[in-house]
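Analysis of the macromolecular model
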Amino acid sequence: MGKRASILEIRHTCQSRAVCRCSLCDVLDTQRGKMSRKRQRSCTSDGEAAGSSTAKRRALPPKKSNFLEWSVDDVCGFLQRQGLGKFEKLFRDKNISGTTLPKLTVDELESIGVRDLENRINLYRCINDLLQWCIETKVFNDPIHGHIEMHPLLVCIIDTPQFQRLHFIKQLGGAYLVYPGASHNRFEHSIGVAHLAGKLVKVLARHQPELQVDHRDILCVQIAGLCHDLGHGPFSHLFDRKFISKMRKNLKWKHEDASVKMFDHLISSNNLKVVLKKYGLMLPQDLTFIKELIRGPKVGNDSKRSKWPYEGRSKQKSFLYEIVANERTGIDVDKWDYFARDSYHLGIRNNFDYLRILKYARVCKVNSMKIICTRDKVAGDLYNMFYTRNALHRRAYQHKAVNIIESMITEAMVLADPHIQISGSGGKQFKMSTAIDDMKAYTKLTDSIFQQILNSSEPELEEARTILNNILNRRLYKCIGQTQSKAKTKIKQEEIDGLETEVAAAVPSEPVDVQLEAEDLIVNVIPMNYGMKEKNPINKVRFYCKNNPEYAFRIRRVQVSQILPQTFSEHLIQAYCKKTDEKSVRAARNHFVQWCKNRKLPMP
């Protein structure tokens, strides 16, 4: 009884013909086949009256729930039920069946003979609602978001070797070897981001139909959320931030670049362009849009961006670029998923609730740009969101044991790199460090490289094997101290490579029995911030109030609370000694203490 009541509740949210909610009613009843004749008449009465037995018969929903299987008669029956029967003859003359519906844009409707703009918009919205709801979805049971329904196009992408590869890449890299529960992978995170991206874009489309968000926009945003992490290498961020930065120092490479290349490879090698067209995506415009959502615009950071930098969508839909990866504020569904998912698997309580932000999301126009805003009363929740990010970094992502293990894995991979060959396009062989240049080779590069090195018998890999065996036997490098830099004493980027030499040369006041070399030490400098370096990201956010939802404004930090942070960036400095005997560790600790004194840093 409760389930049936919820269906009726959804149906009775249809209040405006301009918004065309009845297509949702139609789909719900099509899938269940339980709509009474009385409800058929009430749904028909919103449009033209059912004055004959023929009209009543047409009011029955088609038996096929997937609109792609609809015949011309099914499509015309759907128009009748939506009060758009006057277009039935036109659709019959043009032989428009279910496979044609995804291709009907506002301009296309004009070209086939729908001259009046209001009629075109109403007809397009009606079809657009149908394309969103009347599909045979696949359900994924997720521990974070519950039962997730996936569009069949997204399922086609999921069922490819390039996406299935994410099953074998740990979300938190080496943290799994410190936090036993952190065994989740990039696969489930990507599905969660696609789900949240769909929820947010549909909330905006439902609450603000004037934004003209169509089924193509929704699909593209969901696909971008699904594919945004395709370019991650072994142990996730360890690969791009530690391994590639060491092996190819002059290469400016991010995993987002590889995600775009892997997405192109996924589409071409699995012949998915046919499937994209089947569900109404326009090529190459929509593919460009998806890649821009993942990587950002092609315009360089030094550009003043006087012109609109994107090609996939016009400036009128600028808000769509803030859903998956938000460069403007850092508030996006990618963070919402990994905050909840990582906290769950790490066993750390998550106090941030993304549903509250999702509930109050709204698009407002600010300086000719349409941006996603939120209610003034959730400003405190946004500070809580960025505090959660910082707390996760401190407690887990930058945990000293996690960084020690990831440093050791990186060393093993660096030593093994010249001796491991990966077959790529045309039979060409690649090293781990060069596999990013060939997506066929990169598809084969996952966390399994750990076991490949560990179980090898080649003498060239002996040193790398020893390091990995030390990890498994918990013979780890020793942490000799941790400190934070003050605002005026931050470590410059060009200084980082020489810090081990500097620490080894810092002679402590107390004599030491062991002579340390730079090769015996590791010094990690970790930026800790709210996602925008020294800036407060909330200053970039725009809010609206209940009484005037069209007007967007800033909220200053002091208007929210007097006890919020005033500084939003610092450097966390961690030092390790590779020698594990007691004398060497004591000597290394004294060297690090003296170095902190020389640098006028807080005592470790």
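Below you will find a few notes about this structure. (Residues numbered from 1 in each chain as written. Predicted model: local features only at pLDDT ≥ 70, side-chain atom pairs only at ≥ 80, totals over all residues. Heavy atoms only, no water.)

1. Regarding the overall build of the protein
- Per the secondary structure count, the protein includes 26 helices and 11 strands.
- Taking all 604 residues of the protein together, 55% fall into the buried category.
- The contacts in the protein between residues at least 6 apart in sequence include a share of 71% that link residues at least 24 apart.
- In the structure as shown, the protein presents an accessible area of about 28,700 Å², 48% of it carried by carbon and sulfur atoms. (Helix = DSSP H or I, 4+ residues; strand = E, 2+ residues; numbered from the N terminus. Buried < 20%, exposed > 50% of the residue type's maximum accessible area, 1.4 Å probe, protein only. Contact = heavy atoms within 4.5 Å. Areas by Shrake-Rupley, 256 points an atom, 1.4 Å probe, with all protein chains shown as cover.)

2. Comments concerning the sheet that holds strand 3 (residues 362-366)
- Across the sheet, which stays open at both edges, the four strands sit in the order 3-4-9-10 with mixed pairing between neighbours. The sheet terminates laterally at strand 3 and strand 10 (548-553), the two strands that pair on one side only. Between one strand axis and the next, the sheet turns through 50° on average, direction left out of account. (Pairing = 2+ DSSP bridges. Axes fitted to C-alpha atoms, helices over the stretch in contact; angles between N-to-C directions.)

3. Regarding the packing of aromatic side chains
- For the coordinates displayed, the defined rule picks out 18 aromatic pairs.
- Ring geometry for Tyr-338 and Phe-339: centres 5.0 Å apart, planes at 85°, overall edge-to-face.
- Overall, the relative accessible area of 16% leaves Tyr-338 in the buried class.
- Under the relative-accessibility criterion, Phe-339 is labelled buried at 1%.
- Ring pairs connect the aromatic residues Phe-239, Phe-243, Trp-253 and Tyr-442, which therefore count as one cluster. (Phe/Tyr/Trp six-rings, centres within 6.5 Å; stacked < 30°, edge-to-face > 60°.)

4. What to know about the packing of helix 20 (residues 400-416) against helix 23 (residues 462-472)
- Interaxial distance between helix 20 and helix 23 falls to 8 Å at its minimum, and their mutual angle equals 160°. Looking at the two axes, helix 20 sits roughly antiparallel to helix 23. Once helix 20 is placed against helix 23, the crossing between them reads as left-handed. Between helix 20, through Ile-405, Met-408, Ile-409, Glu-411, Ala-412, Leu-415 and Ala-416, and helix 23, the contact on the second element is made entirely by Glu-463, Ala-464, Ile-467, Leu-468, Asn-470 and Ile-471.
- Classifying every residue of the contact of helix 20 with helix 23 by side-chain character gives 10 nonpolar, one polar and two charged. (Parallel < 35°, antiparallel > 145°, perpendicular 65-115°, else oblique. Left-handed = near helix turned anticlockwise from the far one by under 90°. Nonpolar A, V, L, I, M, F, W, Y, C, P; charged D, E, K, R; others polar.)

5. Some remarks on the sheet that holds strand 7 (residues 478-485)
- The three strands are arranged 7-11-8 in an open sheet whose pairing can be described as antiparallel. Each edge of the sheet is formed by a strand with only one pairing partner; in this case those strands are strand 7 and strand 8 (521-529). Geometrically, the sheet is characterised by an average inter-axis angle of 20° between neighbouring strands, direction not taken into account.
- The pairing of strand 8 with strand 11 (residues 569-577) spans nine bridges and is antiparallel. Each bridged residue has a counterpart across the sheet, and for Asn-524 the counterpart in strand 11 is Gln-574.
- Of the strands in this sheet, strand 7, strand 8 and strand 11 touch helix 26 (residues 582-599), which is tilted by about 10° from strand 7.

6. What about empty space enclosed by the protein?
- Tallied over the full model, the rule gives three cavities of 30 Å³ or more.
- By volume, the largest cavity is sized at about 170 Å³.
- Lining the largest cavity are 15 residues, with Asn-326, Ile-331, Ile-357, Ile-372 and Cys-373 sitting closest to its centre.
- It is strand 4 (residues 369-375) that provides the largest number of residues to the lining of the largest cavity, a total of three residues.
- In terms of residue class, the lining of the largest cavity is made up of nine nonpolar, three polar and three charged. (1 Å grid on protein atoms, 1.4 Å probe; cavity = no way out; pocket = protein on both sides within 12 Å on 5 of 7 lines; lining within 4 Å. Points joined across faces, edges and corners; volume = space filled by probe spheres on them.)

7. Things to note about the side chain of Asp-438
- Mapping Asp-438 onto the fold places it in the loop between strand 6 (429-430) and helix 21 (439-442).
- No salt bridge forms around the buried Asp-438; measuring N to O, its nearest opposite-charge neighbour Lys-440 is 7.3 Å away.
- For Asp-438, the side chain forms a polar contact with the main-chain nitrogen of Lys-440, separated by 3.2 Å.
- Setting aside its immediate chain neighbours within four residues, Asp-438 contacts Gly-424, Ser-425 and Phe-430. (Lys, Arg positive; Asp, Glu negative; His and termini not counted. Salt bridge = Lys/Arg side-chain N within 4 Å of Asp/Glu carboxyl O. Polar contact = N/O pair within 3.5 Å; in protein donor to acceptor, adjacent residues only side chain to side chain.)

8. Some details on the environment of Met-528
- Tracing the chain through its elements places Met-528 in strand 8.
- When its relative accessible area of 4% is taken as the criterion, Met-528 is described as buried.
- Sequence separation of Met-528 and His-571 is 43 residues, and the distance between their C-alpha atoms is 5.7 Å.

9. Topic: the pattern of salt bridges
- All told, the structure shown has 26 salt bridges when counted by the stated rule.
- One salt bridge in this structure joins Lys-317 and Asp-217, with 2.5 Å as the shortest N-O distance. With Lys-317 in the loop between helix 16 (285-295) and helix 17 (333-346) and Asp-217 in helix 12 (residues 215-227), this residue pair connects regions lying 100 residues apart in the sequence.
- Here Glu-322 ties to Arg-328 by a salt bridge, and the two come within 2.7 Å at their closest N and O atoms.
- Residues participating in the shared-partner salt-bridge network are Asp-214, Arg-216, Asp-217, Asp-286, Arg-313 and Lys-317.

10. Quick look at a positive patch on the surface
- Together, Lys-533, Lys-535, Lys-540 and Arg-554 line one region of the surface with positive charge.
- Topologically, Lys-540 is positioned in the loop between strand 8 and strand 9 (543-545). (Patch = residues over 30% accessible without salt bridge, like charges linked within 9 Å, V, L, I, M, F, W, Y side chains within 5 Å. Charge placed at Lys NZ, Arg CZ, Asp CG, Glu CD.)

All quantities given are derived from atomic positions and should not be read as evidence of function.
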